[in-house]
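# Inside the fold
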Amino acid sequence: PAASAASARKPFKTWHLSMMALGLAIGAGFFLGTGSAIHQAGPAVIVSYALAAIIVVSVMLALAELASSLPSTGSFSSYAEAGIGRWAGFTIGWLYWVMLIMVSGLEVTGAATFFVGWFPAVPQWVVALVIVVVIGGINLLAAGQYGEIEAWLSMVKIVAIIAFLGVGVYLVARTAIVGPLPGHEGVLQNVLGHNGFAPNGLSGIAVALLAVITSFGGLEIVTIAAAEDPRAAMSSAIRSVVTRILVFYVGSVILLIALLPWDSEAMNTNAFAAILEMAGVPAVGTLMNVIIFMALISAFSANIYASSRMAYSLSARDMGPRWLLGASASNKARARSVVEAALEDDEALLATELQGDIEAGRTPKRAVGLVVVLALLAVLGNWYLPGSILTMLINAIGMVLLIVWTFIIISLMRLHPSLERSGSLVIRMPGWPW
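Notes on the structure follow. (Residues numbered from 1 in each chain as written. Predicted model: local features only at pLDDT ≥ 70, side-chain atom pairs only at ≥ 80, totals over all residues. Heavy atoms only, no water.)

### Some points on the packing of aromatic side chains
Going by this rule: The criterion for an aromatic pair is that two Phe, Tyr or Trp rings (for Trp, the six-membered ring) have centres within 6.5 Å, with stacked assigned to planes under 30 degrees apart, edge-to-face to planes over 60 apart and tilted to the rest. Secondary structure follows DSSP: runs of H or I at least 4 residues long count as helices, runs of E at least 2 residues long count as strands, and numbering of each begins at the N terminus. Relative accessibility under 20% of the residue-type maximum defines a buried residue, over 50% an exposed one, and the middle range a partly exposed one, all with a 1.4 Å probe and only protein chains included.
Scanning the model with the defined rule gives 7 aromatic pairs in all. Measuring from centroid to centroid gives 6.4 Å for F115 and W118, while their planes differ by 65°, and the two rings are edge-to-face. Highlighted residues: F115 and W118, both in helix α7 (residues 86–118), separated by 3 residues, approximately one helical turn. For F115, a relative accessible area of 26% corresponds to the partly exposed category. Taking relative accessible area as the criterion, W118 reaches 29% and is therefore assigned partly exposed. Their ring planes at 65° and their centres at 5.7 Å tell us that W118 and F293 sit as a pair that is edge-to-face. With W118 in helix α7 and F293 in helix α15 (residues 284–316), the pair connects residues that are 175 residues apart, well separated along the chain. Aromatic ring contacts, followed pair by pair, group F115, W118, F119 and F293 into a single cluster.

### Looking at the pattern of salt bridges
The line we're drawing: What makes a salt bridge here is a side-chain nitrogen of Lys or Arg within 4 Å of a carboxyl oxygen of Asp or Glu, nothing more.
Counted under the stated rule, the structure contains 2 salt bridges. When the shortest N-O distance is used, the salt bridge between E81 and R86 registers 3.0 Å. Here E81 falls in the partly exposed class, since its relative accessible area comes to 24%. Residue R86 is classed as partly exposed on the basis of its relative accessible area, which comes to 43%. For E420, the salt bridge is made with R428, and the minimal N-O distance between the two is 2.7 Å.

### Regarding the nonpolar core
Applicable threshold: As used in this record, nonpolar core signifies buried Ala, Val, Leu, Ile, Met, Phe, Trp, Tyr and Cys residues forming a set joined through side-chain atoms within 4.5 Å. Pairs of residues are marked as contacts when any of their non-hydrogen atoms sit within 4.5 Å.
One finds V45, I131, F164, M288, W405 and I408 to be the most contacted residues of the largest nonpolar core, which totals 105 residues. Per element, the largest residue contribution to this core is 15 residues, and it comes from α7. Beyond its immediate sequence surroundings of up to four residues, I408 is in contact with V59, A62, L63, L66, F76 and I92.

### Description of the layout of surface pockets
Applicable threshold: Points on a 1 Å grid over protein atoms alone make up a cavity when a 1.4 Å probe fits among them but cannot get out, and a pocket when they form an open set with protein on both sides within 12 Å along at least five of seven lines; lining residues each have an atom within 4 Å of a point. Grid points are joined across faces, edges and corners, and a volume is the space filled by probe spheres set on the points. Note on residue categories: nonpolar means Ala, Val, Leu, Ile, Met, Phe, Trp, Tyr, Cys or Pro, charged means Asp, Glu, Lys or Arg, and polar means any other residue, Gly included.
Approximately 520 Å³ is the volume attributed to the second largest pocket. Around the second largest pocket sit 28 residues that line it, and L32, T113, N268, T269 and L390 are the ones nearest its centre. Elements that contribute at least two residues to the lining of the second largest pocket include exactly α4 (33–41), α7, α13 (265–269), α14 (271–278), α15 and α19 (389–422). Counting residues per element, the lining of the second largest pocket draws most heavily on α7, at 6 residues. Partitioning the lining of the second largest pocket into residue classes produces 12 nonpolar, 15 polar and 1 charged.

### Remarks on α4
Among the 9 residues of α4, 8 are classified as buried, and the element is accordingly described as predominantly covered. If you check which residues of α4 are buried, you get G33, T34, G35, S36, A37, I38, Q40 and A41. Trailing α4 by a residue or two, G42 shows a phi angle of about 75°, which is positive.

### Describing a nonpolar patch on the surface
Operational definition: What makes a patch is a set of residues exposed beyond 30% relative accessible area and free of salt bridges, joined within 9 Å when like-charged and within 5 Å when nonpolar (Val, Leu, Ile, Met, Phe, Trp, Tyr). Method for areas: the Shrake-Rupley scheme with a 1.4 Å probe, in which residue coverage is limited to the protein chains shown.
A surface patch of nonpolar side chains, amounting to about 1,100 Å² of accessible area, comprises W125, L129, V133, V373, L376, L377, L380, W383, Y384, L385 and M392. Looking at the nonpolar patch, the elements with two or more residues in it are α8 (124–139) and α18 (365–384). If one sorts the elements of the nonpolar patch by residue count, α18 sits on top with 6 residues. Tracing the backbone shows V133 in helix α8. Take V133: its relative accessible area is 52%, and that puts it in the exposed class.

### Here we look at the environment of G398
Following the sequence through the fold, G398 ends up in helix α19. The exposure class assigned to G398 is buried, which follows from its relative accessible area of 0%. A sequence separation of 369 residues divides G398 from G29, and the C-alpha atoms of the two residues are 9.6 Å apart. In this structure G398 touches L210, I213 and T214, once residues within four positions along its chain are discounted.

### Re helix α11 (residues 201–216)
Put simply, the rule reads: By definition here, a helix of n residues has an expected span of 1.5 Å times n minus one. To get the bend at a given residue, fit one axis to the seven residues ending there, fit another to the seven starting there, and take the angle between those axes.
Between its first and last C-alpha atoms α11 spans 23 Å; for 16 residues at 1.5 Å apiece the expected length is 22 Å, and the two agree. At L209, α11 shows its strongest bend, of approximately 25°.

### Here we look at unusual backbone geometry
That bond from W432 to P433 is cis: its omega, 5°, falls within 30 degrees of zero. Take P433: it is sitting in the segment after α19. With a phi angle near 55°, H194 is a residue other than glycine that sits in the positive phi range. Structurally, H194 can be placed in the loop between α10 (187–192) and α11. Phi is positive for N195, close to 75°, though the residue is something other than glycine. Relative to the helices and strands, N195 resides in the loop between α10 and α11.

### Observations concerning the packing of α4 against α11
Condition: Angles run from 0 to 180 degrees between N-to-C directions of axes, and those axes are lines fitted to C-alpha atoms, restricted for helices to the stretch in contact. In what follows, roughly perpendicular refers to angles from 65 to 115 degrees, roughly parallel to angles under 35, roughly antiparallel to angles over 145, and oblique to any angle outside these ranges.
Where α4 meets α11, the closest approach of the two axes is 8 Å, and the angle between their N-to-C directions is 175°. Between α4 and α11, the angle is such that the two are roughly antiparallel. Packed against α4, whose contacting residues are G33, A37, Q40 and A41, the element α11 presents G204, I205, V207, A208, A211 and V212 at the interface. Here the contact of α4 with α11 is built from residues that sort into 7 nonpolar, 3 polar and no charged.

Pasting the structure below:
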């Protein structure tokens, strides 16, 4: 009966959830980090992408084993707690939350940078402030209203990426058959010219790796859904990761290095728009920048949603301030039941309580408010360091992701033997223990 009632009041449609997941995974790291990585490593960035792909697929396979054998609403935070200790669950949970806050700052900064490019007279920090206030307000709406807005913003983003890939493939084929476009160089000159394939050597590849890791950030979030249907959820997650890596990320970087010199100004600022402008369609580059601006707004909104719910969940597991659980006096009894479920380690009850909050449109307003207040730090960054804050955030996010992923791998190493002895393995990590 409870499940039927939840289903009846559920405001999120399936396409809402799918689009929100894409909003998390394809954001500032993809649109801003890709060109930055190429500018640092040159065409050899493909090596950085290969290394990052091996790392992220290994992490996803480790999460596949853990999530299918130990389904938990806390995902990688719960696995770290079980495999290493409660301190590790606390650390990885809040560290990931801090990373989401930094990603939010990256997206606000990226969007403000694009806007100032169109209207130079407007201060960058003012644009950032308006974005934080408006999108923060949207996130305080009921869940169903938020889901509809976010889903449409994400849909625009996906259509734009598909259009970019289509135009890029056409331009590469035309260059190979007819010859370089007027004012542009051929594919071989772009890849092997301009001081060679790896103009900045191994150091450039290493530095670019952080930007590439940042662009892959968010893929691990898909395992949070594994608590409901471990085998189906993880099979879908792995397919999704491989598809995104091959099509969106690697496909885009191959087209970029084939069509633009790595050391061009366009590569470091508006690489995606520059490719579309090569097609000769009037104003298409500006349109792409508008879409990227919308995509960054969409990703910022999705990150407010994810980080506020993560803070709420951590507090429910007695790993954060209980103040975040109760938005009003009328919700205090419900907040207490959520905390009691967490303290009793009743994952099923906790999942029901948390999902009930979301399905009934109970926005955790205090958690959202905290995230919005912290996002204002990005406004300060745009005020004091408008020229360098993007690079600082990209590198910091990449480092935090590497730390989080290391915790995940150590958790697997600690838990795998006991899971194997108990016969609990549903999906086995390929190539264990190597």
